[in-house]
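Report on the structure
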Amino acid sequence: MFTLLPLEATTSQTAGSGNMIYTILLMVALFAGMYFLMIRPQKKQQKKEQEMRDSTQVGDEITTIGGIMGRVVTVKDDSLIIETGADRNKMKIARWAIQVNNTAAEKLQAEREAAKQAAMKAKEEKAKKGKKEK
């Protein structure tokens, strides 16, 4: 009986360390999953927004985070002066307060529409050639 106790103690310690390694691997896998599902996409979005704010130029139509729409009149390091409304009221806003650059968004949408129409036109021409060959 006395000889079995040390043997049981060593087997239970090795089983406990196996569970500990499994737990650590599970925690690492969960952290990696959270990084790729949550943190990385958010950083990409923030980088994209910062590039949009940095590329704002005079004449761009913007919308602020408060919903104010206006045209950029002056661009400085960390602030902008925008012109709003028919009265041409001028407001100074911080660069980080830009939510959407409407001019850039319109250009992107126009490019998408042009690509879509070109694809449809190519499809129609291909269909016409197929009918002529028959």
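Residues numbered from 1 in each chain as written. Predicted model: local features only at pLDDT ≥ 70, side-chain atom pairs only at ≥ 80, totals over all residues. Heavy atoms only, no water.

Regarding the sheet that holds strand S3 (residues 79-84)
Strands sit in the order S4-S3-S2-S1-S5 across an open sheet of five strands; the sheet is antiparallel. Each edge of the open sheet is held by one strand with a lone partner, namely strand S4 (89-94) and strand S5 (98-101). This sheet shows a mean twist of 45 degrees between the axes of neighbouring strands, independent of strand direction. The pairing of strand S1 (residues 61-64) with S5 spans three bridges and is classified as antiparallel. The residue bridging Thr64 from the neighbouring strand is Ile98, located in S5. The sheet strands contacting helix H2 (residues 102-133) are S1, strand S2 (69-75) and S5, and the helix crosses S5 at an angle near 35 degrees. (Pairing = 2+ DSSP bridges. Helix = DSSP H or I, 4+ residues; strand = E, 2+ residues; numbered from the N terminus. Axes fitted to C-alpha atoms, helices over the stretch in contact; angles between N-to-C directions. Contact = heavy atoms within 4.5 Å.)

Description of the layout of surface pockets
Counted as a void, the largest pocket has a volume near 240 Å³. If you go around the largest pocket, the residues you meet are Gln45, Lys48, Glu49, Met52, Gln99, Asn101, Ala104, Ala105 and Leu108. Breaking the lining of the largest pocket down by element, the ones donating at least two residues are helix H1 (4-54), S5 and H2. Sorting elements by how many residues they give to the lining of the largest pocket places H1 first, with four residues. (1 Å grid on protein atoms, 1.4 Å probe; cavity = no way out; pocket = protein on both sides within 12 Å on 5 of 7 lines; lining within 4 Å. Points joined across faces, edges and corners; volume = space filled by probe spheres on them.)

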